[in-house]
Structures are given as structure tokens and as C-alpha cells.
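Each chain, written out:
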There are 2 protein chains.
Amino acid sequence: MATKKKQIVKKKQIDSTVKVALLGFGTVGSSVARVLAASKFPGLELTHIFNRSVERKRTSDAAKVVPASVVWTEDIDDILNSNVDVVVELMGGLNPVEGWLRKALTAGKSVVTANKQLIAYRGANLAKLAASHNVHLVYGAAVAGGVPVIPGMLQGLGGDQVTRLSGILNGTCNYILNRMEGGADYATVLADAQQLGYAEADPSADVDGFDARAKLCILSRIALHSELDPDAVMTQTISTIEAIDFMYAKELNCTIRQVSRAQRDGSVVHARVAPMLVPLSSPMAWSHGTQNMVVASGRFGGDVVFSGHGAGGEPTAVAVVSDLLAVAQNCGTVQLPVRKRQVAGEFLAPHYLRFVVDDRPGIVSSIAGALATVGANIDSLLQRPGHPKHRLPFVVTTERSLTTTIDKAMKAIAKLDCMLERPLCLQILVPEDKPE
Amino acid sequence: MATKKKQIVKKKQIDSTVKVALLGFGTVGSSVARVLAASKFPGLELTHIFNRSVERKRTSDAAKVVPASVVWTEDIDDILNSNVDVVVELMGGLNPVEGWLRKALTAGKSVVTANKQLIAYRGANLAKLAASHNVHLVYGAAVAGGVPVIPGMLQGLGGDQVTRLSGILNGTCNYILNRMEGGADYATVLADAQQLGYAEADPSADVDGFDARAKLCILSRIALHSELDPDAVMTQTISTIEAIDFMYAKELNCTIRQVSRAQRDGSVVHARVAPMLVPLSSPMAWSHGTQNMVVASGRFGGDVVFSGHGAGGEPTAVAVVSDLLAVAQNCGTVQLPVRKRQVAGEFLAPHYLRFVVDDRPGIVSSIAGALATVGANIDSLLQRPGHPKHRLPFVVTTERSLTTTIDKAMKAIAKLDCMLERPLCLQILVPEDKPE
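What counts as what
- Residues numbered from 1 in each chain as written.
- Chains lettered and ligands numbered in written order.
- Predicted model: local features only at pLDDT ≥ 70, side-chain atom pairs only at ≥ 80, totals over all residues.
- Heavy atoms only, no water.
- Contact = heavy atoms within 4.5 Å.
- Salt bridge = Lys/Arg side-chain N within 4 Å of Asp/Glu carboxyl O.
- Polar contact = N/O pair within 3.5 Å; in protein donor to acceptor, adjacent residues only side chain to side chain.
- Helix = DSSP H or I, 4+ residues; strand = E, 2+ residues; numbered from the N terminus.
- Nonpolar A, V, L, I, M, F, W, Y, C, P; charged D, E, K, R; others polar.
- Phe/Tyr/Trp six-rings, centres within 6.5 Å; stacked < 30°, edge-to-face > 60°.
- Buried < 20%, exposed > 50% of the residue type's maximum accessible area, 1.4 Å probe, protein only.
- Pairing = 2+ DSSP bridges.
- Least-squares fit on C-alpha atoms with pLDDT ≥ 70 in both.
- UniProt positions renumbered as here; feature names shortened; annotations may be inferred.
- Domains from an automatic or database assignment.
- Buried area = accessible area lost by both parts, 1.4 Å probe.
- Patch = residues over 30% accessible without salt bridge, like charges linked within 9 Å, V, L, I, M, F, W, Y side chains within 5 Å.
- Areas by Shrake-Rupley, 256 points an atom, 1.4 Å probe, with all protein chains shown as cover.
- Lys, Arg positive; Asp, Glu negative; His and termini not counted.
- Charge placed at Lys NZ, Arg CZ, Asp CG, Glu CD.
- Axes fitted to C-alpha atoms, helices over the stretch in contact; angles between N-to-C directions.
- Arc of directions from axis to C-beta.
- Parallel < 35°, antiparallel > 145°, perpendicular 65-115°, else oblique.
- Left-handed = near helix turned anticlockwise from the far one by under 90°.

Novice: Hey, could you run me through the interface of chain B and chain A in this one?
Specialist: When the parts of a complex come together, some accessible area is lost, and that lost area is often used as the size of the interface. Opposite the 70 residues of chain B that make contact, chain A presents 70 residues. At the junction of chain B with chain A, the criterion picks out zero salt bridges. Taken together, the links from chain B to chain A amount to 12 residue pairs in polar contact (both at pLDDT 80 or more). Put simply, the parts of the chain that give the side of chain B that touches chain A at least two residues each are α1 (2-8), β1 (18-23), α2 (27-39), α7 (149-156), β13 (302-309) and α13 (313-328) of chain B. Top contributing element to the side of chain B that touches chain A by residue count: α13(B), with nine residues. Grouping the constituent residues of the side of chain B that touches chain A by class yields 29 nonpolar, 28 polar and 13 charged.

Quick look at the structure:
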């Protein structure tokens, strides 16, 4: 008995080289090769690179750091049938990657991946497969790039009961909203972001919140020990935010960020990805440019903040290579029981409501009436000067109410004749928000 | 060969309970017991508690969460000769703890400790001993309490080349300087901190920088892969900071923090713990109250920020219990080669120099002359109104110079007849600081 226990707490020694294959030699893949070449970690050897149209990659400038001994291939079977120990997947998407990685795990190869959609939708399943084949599946690069949120939570917050997560998980949205905070309008900034390579030609995954949602679900699994269905998490686009909203936010000592938040309430997890008003005094307001930030709030440890570069080839490569070292040195990660939990979106929060109206007597009274009908109290009414009466933007903030309650009132208000645009409703993020 | 490699990347399964002994049942020890009782982690069993005058502890309120099966003892041999798997040391100090932990490691017990002085001075040695007995030595709680800086760096930044660390590593100093930022004076705030239990009766370890220095050395080992002699790291007390310094700092868009910084420059590490001027736009200015913060700057990943509650029973217990889970589940930590490196303190930075003089003609010229002699350029001269001529505080800031260069000028300036107090010299922390 005592001997058995001692064995449990013993470490393995590292005494041979771990062979590594890269799937994907794009921005992140070539950065991983560069980081490996620069640091020459003992015990790691890059042996294979897979990419479609591999010749183009093999002869690129980025390939110059790759050792001559590396096998370049466009046939995935060359990897799956090789003696490679770890497959590093940097291609993204569910298909065909999921099938390949299942084969790799089944063949006794560990997997390091930066694929957030795959891990959000199939992570639990793949983890089981990895466990059954006694190999590692790690994905530190899937959330917040070079910011070690996942390893920090797994190895450093396992002892806490984390009840709430808030994060800025999409660098593109953060870049756009930061620029808008400085006065630019959405369309201009989006175009700039596309030109700079921060945003895709179809920016929907970023601006509509699907990218952040996948990351939020991964973090919920790790920190809240809750498996969520990503499709059940409500998202709200940032594309309806206008410059005027930043002006009103500023009057409320706030700015606007795309916030991903989740909090556990018994067997339910309240989760949402949406633009929200964030107090300037909150850590969430600190993140600039394409930075990412995660705040984990624990019962015992209070708020812990992680922040840094959430995207880009080299920061993401840091996460990948760090994972690779952990796998090569056989460092397991702390496993705690994870449960499937229902997703809801009942946040009790003050709300920011922005209307654009053709001004006439009685509008405020109608809005106030609609809010009163659902039992929501108005906290303030803001109207900046200098706007024409026939196209007047103004703002109402409410006291704490459930978002679903406010939504009911907003449906009624949207039908008012005087409304020139669909009214905008944003949560105001306050530290003590709790679901009822 | 292939078989051997596969073995390396395999994980061990956990299939029995790990017995845990606590050494020390003070604030942190009792919090650890509380966290274990609240979360009932599978695979962990608290079996022994050691404390001097143990009866007093066993009958305390804090002991109510402790299972009846736990053996309370004041004889360390009861632990060392037991079948305990992991010893959790929360007593602090080098003696007699070091001897006890050496015995525990030699007996095949893993060690989890929050003891920063022990780990700073003897960590490398103890790690060797642990490795030779094939057991774990982990100390995530030794730096920044509940903020997972150590696990985050070990498991998440191993792939980067971290070249620079800056941290707010002492919550007591941060509390004092935050309160002074609000207008209070040092003596009042120190007395408050003592009453609140944030500061010891003899506050020297905190305010003079020795506590933070030990933590900086631990972080240097992990992130800079550099073993430093803690005694070789220069410290500067915060006790000479006055309210007026915060006013001048504000004019320079800065505040004042006790900053611990280290940066690698080839085979030398430049390190220093001192009050410094920190731009209000820097993450270092964000930390409030007793919060801790660490910024790690990597060649590939850029700046990564960790922040949260750096002290207190429960946040520290989170780090201890997280480590305990990792040890119980046999999760090793990434090992990278660490080298002994020479410590120097040559930071190239702008400097803030505050003088209190009996005003007379020629003072500025004398100061400027002394600075010119060493080749330091003046950047600005600040003099707030409302002070009497016979006791006039004023400030000179310099362009980037080495701190040792400025120190030479300061020695000459301190000898001027008109100086009523020893002049104060603080580095101004700017992002691009680099040793020459």
C-alpha cells in the first residue's frame, strides 16, 4: 500500500528525444518552427511538416529555419503512420482535422492543438480518447494565444472554486472597439483591421462573437468544471456599436468591450458574449489593441487577472511550444471532474439602452412606461447636445434587472413609431453581478 | 526505441488516495484545511497536522473543519516517520524547516511549500534532492499567493525566452504606497497596516524589500532560468518616500510602487527591488490594495501580466491546494536548464531625484554641475509652489542614465551644505529600459 502510493507521487525522468510533427505551416506553424530553431530545447526534435501544396511552403522564406532533416509532406498518412510522438495541429476547423487527430491519438501519439472550435465542440470527447490511449491532449494555445490562462488555471487555480469568468477573448474586436473609443467609426476601423490582417474578409466569427464563444466554453470546462454546448451560448454582435455609444459610455465612466462571461449558479451556467459597458476602473478596461484578458473569480482566491497578447504567430507559438515541452517531459495536467451543464443567460445587471428617435413629446414617457411594465427602474437619462431633433440619439440606463426582462421591454419599445433604428441594449458590467 | 519514446509521453493514472501532512496551522495552514474541507477533492486525504503547542491549535475554532481522523502532533518525527505522501510546509524560515524537509524528501515524501526564503536560498539544492529521490518539490504559493504566476510561467511560458521581469511582489508595500498615493503619510499608513495585520511589528522584511527580493529570485530561476544569490540583489527601502513624492510623481503622470525587477543580459542578471516611479499607463500602476502583479516580457510572446491577491490565508491556500492536486496527480513541471548567474544592478533608466534644501542661489547650478560631471542630462525640473524657502522640496528628473552613474552624482550632491535631508533617487520605470 505504502509502496503503491509512493509510486504515485514519483516523477518520470526524461531520457530521450520526442519527435514532433507540425500540421500546418501558416503564420503560427512557421512561428513554432522559428521558436524551436531559436531555442533548441533539449529533448524536442521537429521531424515532419504537413501542409496542403507543401512545395510552396517548403521553398518559402519561413522554411529557412527548418532543419534539413525534416520530412515535408501533403499526405497526412505520412504523419499518422510515422514514429512521431507528438502531433501539433495548427490548421483549425473541425473537418478533416478531427478525424486526423482521432487517428493520431488512437495510434498513441499525443496531440498539441491551437484549434478552439475543435476543442470547444469536441474537446471532452477527444480528451476521453486521449486518456484511453494513455497519451496527452493539450490546447493551451486555443485560448488567449500567448497568455498562459489555461496552464495557469489548470495548475494554479485547481484548488479554488472558480464561480465566474469574464474575458476579452477576441483581439480583433478589442482592436476595433479600442480604435472606436478613440473616435473612429466601425466601418473604417474594420477596413483597417482587415488590411492589417487582424480581421478576416468575412469578419463574422470575430465581430459576431463566435470565436470568443468557443474560447469561453473551453475556459468554462477548465475553470468552472462545466461542459457547455457552444451553440447554446448567446452572442451579440459588436457591429451595431456606434461612435456615439463611446461618448455616452464615457459619461458613465465606462468604455465598451466585447466581453465573454460565464458564471456558475448550481447546475446552470449563465454565459454570454456581447459588447458591454465596462467601468474604466475595471481590469477589463485595461486591455489595449489586440490584447486579451481573463479575470477568474474564485470563492477563496478572489479575482485573478491574466493578460497579454492573445493572437499573432509568435505569442501563439509560445503557447504551443510550452505545451510541447510539457508533453515531451510527460507533465500531466490536473484533472478534476467536469459536468455537462445547462446554459442560460440570466444576468442581473444594470443596462445601457440607446435609442435614435425622431423626437416628439411623450417618447420618454413611452419608454419609461414599457420599462415600468416589466418592473425595470430607470437609473439615468442621458442626452448629449448637438444632435438634430429629427434624429436624436439618447440613452437610458436601468438599475439592475435581468437581461431577459429588459429584452421584453425593448421589444415593445422597438415598435414605437418614433424609433429610427433598432434600439441598442448592452449590459453594464459591474463587479457584483450575480444571476438571481 | 519507438516503444521507449511512447512511454515518455504517456500519463500515469491516479488510483489511490494521497496522504497529506500540514506543517503549521496558522493563517495559511488553517485556510488550507478549510479549502480541503470545502471541496473534498477526490484522491487527497489530510492525515497529520504538526504545530508547536499543538493543543492550542487543535482546540481552536479553525480546527473545527479538520476531520476527526487527523493526527495532531508537535513532534516532527511523527510526520517524518509516517506513511504520509506529501508534506505541506507553511511555517516559514530556514531553520529548522530546511532540515525537516530534507528528511521528508529523502524519505520519499513530496513537498509543497509556501516558504519563499527557503526556496530563494535553498531551492536549487532542495530540487536536486527531490529529483534524486524521484519526488516532487513545488512552491507555487511562495510567490504572489493566489496568483498562479509560477505554474503559469512553468507550464505556459517555457516556450518563450523571457528576458525581463517586473513585479509588485509585496502586498504590504503596495498597500502602504496606495494609501500614500491618496494623501496619507508613511507613519500613519504603516501603523494602520500593522493594526490590520498586513505588516509585522518589525516591518523591515516588507518595507526594506527583503521579502520581495526572495520572490524575485524565485521568479528569476523559473522565468529567466537564472539562479541568483538573493543577498547580491540591491534593495532600497520605501520608508524614505514622502507624500510630496506622490505629488511630483503625479505631475510626471506616474505613481510610486515597490517594484522588483530583473533582466537578463547575457551571463549577467540585472536585478533590483526598490520604490520606483511607474507611469499611470503601465500595468504596474493598476495594482491596488495588497494586490500583487507580475509582468513577464518575452522575446516571442511580448508582455504577459498576472495579477490578483498576493497574500492572505485563503488566496495562498488556493496556491497550496492547487500544488497539492498537481503532486497528487503526479503532474510534473517543465524542467529547463537553470544556470547560476552573476547579479548586477545596471539599469539604464530616467531617474527621479528629490531634494529638500535651504534655498539659496546656485543650488540648481551645483546639482546640474554634479550631474554633468558624470555625464547625466537633466530632463525636467519641478518645484511645486507653497513650500517655505528654508525647507524647499524640489525635483530633478534625468534622461536615461545608469543608476550607478546617478548614484555617483548623488553622493557629491548629498554633501552640499544646503541639503537638509538625504536626497532621494528613484528609477522611473519605462517600458524600453535596457541595460547597456
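Novice: Could you clarify how one ought to interpret the packing of aromatic side chains in this entry?
Specialist: The way to describe two aromatic rings as a pair is by their centre distance and the angle between their planes. This structure, assessed with the given rule, holds nine aromatic pairs over all chains. Considering the side-chain rings of Phe50(A) and Trp100(A), the 5.2 Å spacing of their centres and the 80° angle between planes classify their relative orientation as edge-to-face. Highlighted residues: Phe50(A) in strand β2 (residues 44-50) and Trp100(A) in helix α5 (residues 97-106), separated in sequence by 50 residues. Here Phe50(A) falls in the buried class, since its relative accessible area comes to 2%. With relative accessibility at 14%, the residue Trp100(A) sits in the buried group. Between Phe25(B) and Trp72(B), the ring centres sit 5.0 Å apart and the planes meet at 75°, which makes this aromatic pair edge-to-face. With Phe25(B) in the loop between β1 and α2 and Trp72(B) in strand β3 (residues 71-73), this residue pair connects regions lying 47 residues apart in the sequence.

Novice: Which parts of the structure should I look at to understand the pairing of strand β7 (residues 162-168) of chain A?
Specialist: Two faces belong to every sheet, and in a regular strand the side chains alternate between them. All names here are of chain A. Along β7, six of the seven residues are buried, which leaves the element largely enclosed by surrounding structure. The pairing of β7 with strand β12 (residues 291-298) spans six bridges and is antiparallel. Across the sheet, Val 162 pairs through a bridge with Gly 298, a residue of β12. Of the pairings in the sheet, the one linking β7 to strand β10 (residues 254-265) comprises four bridges and is antiparallel in character. Following the sheet pairing, Arg 164 is matched in β10 by Gln 263.

Novice: Before we go on, may I ask you to explain the relation of the copies chain B and chain A in this structure?
Specialist: One copy of the chain maps onto the second through a rotation around an axis plus a translation along that axis. You can overlay chain B on chain A at an RMSD of 0.0 Å; the transform is a turn of 180° with a shift of 0.0 Å along its axis. What the rotation and shift describe, once combined, is the action of a two-fold rotation axis. Relative to the rotation axis, the C-alpha of Gly152(B) is the closest in chain B, positioned 2.1 Å from it. Both copies present the same face, since 100% of the interface residues in chain B are matched by interface residues at the equivalent positions in chain A.

Novice: In this structure, what is going on with the sheet that holds strand β4 (residues 86-89) of chain B? I would like to understand it.
Specialist: Pairing between the strands of a sheet comes from backbone hydrogen bonds, and it takes one of two forms, parallel or antiparallel. Residues and elements named next belong to chain B. Spatially, the six strands line up as an open sheet ordered β3-β2-β1-β4-β5-β6, and their pairing is parallel. Looking along the sheet, the strands with just one partner apiece sit at the ends: β3 and β6 (137-138). In this sheet, β3 lies alongside strand β2 (residues 44-50) in parallel orientation, the contact comprising three bridges. Bridging from a neighbouring strand, Phe 50 pairs with Thr 73 of β3.

Novice: Whenever I open this one, the UniProt feature "active site" (unreviewed entry) in chain A confuses me. Can you help?
Specialist: All names here are of chain A. Per the UniProt record, the feature "active site" (unreviewed entry) sits at Lys 215. Summarising the element assignment, Lys 215 is placed in helix α11 (residues 210-223). A relative accessible area of 8% places Lys 215 in the buried class. Those residues in contact with Lys 215 that lie beyond four places of it in its chain are Lys 116, Ala 142, Val 143, Leu 169 and Asn 170. Of note is the side chain of Lys 215, whose polar atom sits 2.7 Å from the backbone oxygen of Leu 169.

Novice: Is there a simple way to explain the UniProt feature "binding site: NADP(+)" (unreviewed entry) in chain A in this structure?
Specialist: Residues and elements named next belong to chain A. Under the UniProt annotation, "binding site: NADP(+)" (unreviewed entry) lies at Leu 23, Gly 24, Phe 25, Gly 26, Thr 27, Val 28, Gly 29 and Ser 30. Discounting chain neighbours no more than four positions away, the residues touching Phe 25 are Ser 30, Ala 33, Ile 49, Phe 50, Asn 51, Lys 57, Ser 60, Ala 62, Ala 63, Val 66 and Trp 72. Checked against the element boundaries, Gly 29 lands in helix α2 (residues 27-39). A residue is classified by how much of its surface remains accessible, and Gly 29, at 2% relative accessible area, is buried. In this structure Gly 29 touches Leu 22, Gly 24 and Leu 90, once residues within four positions along its chain are discounted.

Novice: Explain the domain arrangement of chain A here, please?
Specialist: Residue and element names in this part refer to chain A. If you check the domain split of chain A, you get domain 1 (14-138), domain 2 (149-307 + 339-344) and domain 3 (348-427). For domain 1 versus domain 2, the distance between C-alpha centres works out to 29 Å. Between domain 1 and domain 2, the contact holds seven residues from the first and 11 residues from the second. Where domain 1 abuts domain 2, roughly 720 Å² becomes buried across the two surfaces, and 60% of that area is made up of carbon and sulfur atoms. A per-residue breakdown of the area domain 1 buries against domain 2 is headed by Lys 116, Ala 120 and Tyr 121, which together make up 66% of the total.

Novice: What is the right way to look at the pattern of salt bridges in this model?
Specialist: Between side chains of opposite charge, a pair can form as their charged atoms come close. Following the criterion strictly, the structure yields 34 salt bridges over all chains and no others. Of the charged contacts in the structure, one is a salt bridge between Glu251(A) and Arg384(A), with a shortest N-O distance of 3.1 Å. Placement of Glu251(A) in helix α12 (residues 243-251) and of Arg384(A) in the loop between β18 (378-382) and β19 (392-398) is noted, with a sequence separation of 133 residues between them. Here Arg384(A) falls in the partly exposed class, since its relative accessible area comes to 26%. With a shortest N-O distance of 3.5 Å, Arg213(B) and Asp231(B) are connected by a salt bridge.

Novice: Got a minute to help me understand the environment of Ala214(B) in this structure?
Specialist: Note that Ala214(B) resides in helix α11 (residues 210-223). Note: C-alpha distance between Ala214(B) and Asp229(B) (15 residues apart in sequence) is 9.4 Å.

Novice: Got a minute to help me understand the side chain of Ser307(B) in this structure?
Specialist: Residue placement: Ser307(B) occurs in strand β13. Sequence-distant contacts of Ser307(B), defined by excluding residues within four places in its chain, comprise Asp303(A), Val304(A), Val305(A), Val147(B), Asn292(B) and Met293(B).

Novice: Any chance you could explain a negative patch on the surface here in plain terms?
Specialist: A cluster of acidic side chains, namely Glu74(A), Asp75(A), Asp77(A) and Asp78(A), defines a negative patch on the protein surface. With respect to the secondary-structure elements, Glu74(A) resides in the loop between β3 (71-73) and α4 (76-80).

Novice: Explain the sheet that holds β18(A) to me, please; I cannot follow it from the model alone.
Specialist: Residue and element names in this part refer to chain A. Strand order in the open sheet made by the four strands is β18-β19-β17-β21, with antiparallel pairing throughout. The open sheet terminates on both sides in strands that have one partner only, identified here as β18 and β21 (424-427). On average, adjacent strands in this sheet sit at an angle of 20° to one another, irrespective of strand direction. Looking at chain direction, strand β17 (residues 351-357) and β19 are connected through six bridges and run antiparallel. Within the sheet, the bridge partner assigned to Tyr 352 lies in β19 and is Thr 397. Sheet strands in contact with helix α15 (residues 403-414) are β17, β19 and β21, and its direction is about 10° off that of β17.

Novice: I tried to follow helix α9 (residues 186-195) of chain B on my own but got confused; where do I start?
Specialist: The periodicity of an α-helix, 3.6 residues per turn, causes residues three or four places apart in sequence to face the same way. Residues and elements named next belong to chain B. Where α9 is concerned, the buried positions are Tyr 186, Val 189, Leu 190 and Ala 193. Seen end-on, α9 carries its buried residues on one side only, within an arc spanning 100°. With respect to the buried face of α9, the exposed residues turned more than 90 degrees away are Ala 187 and Gln 195. Where α9 is buried, its residues contact α8 (171-181) and α10 (204-207).

Novice: Hey, could you run me through the packing of α8(B) against α9(B) in this one?
Specialist: Each pair of packed helices can be summarised by the angle the axes make with each other and by the distance between the axes. Residue and element names in this part refer to chain B. Taken N-terminus to C-terminus, the directions of α8 and α9 make an angle of 135°; their axes are 9 Å apart at the nearest point. In terms of axis orientation, α8 runs oblique to α9. Crossing hand, α8 versus α9: right-handed. In this structure, α8 uses Tyr 175, Ile 176, Arg 179 and Met 180 to contact α9, whose residues at the interface are Tyr 186, Val 189, Leu 190, Asp 192 and Ala 193.

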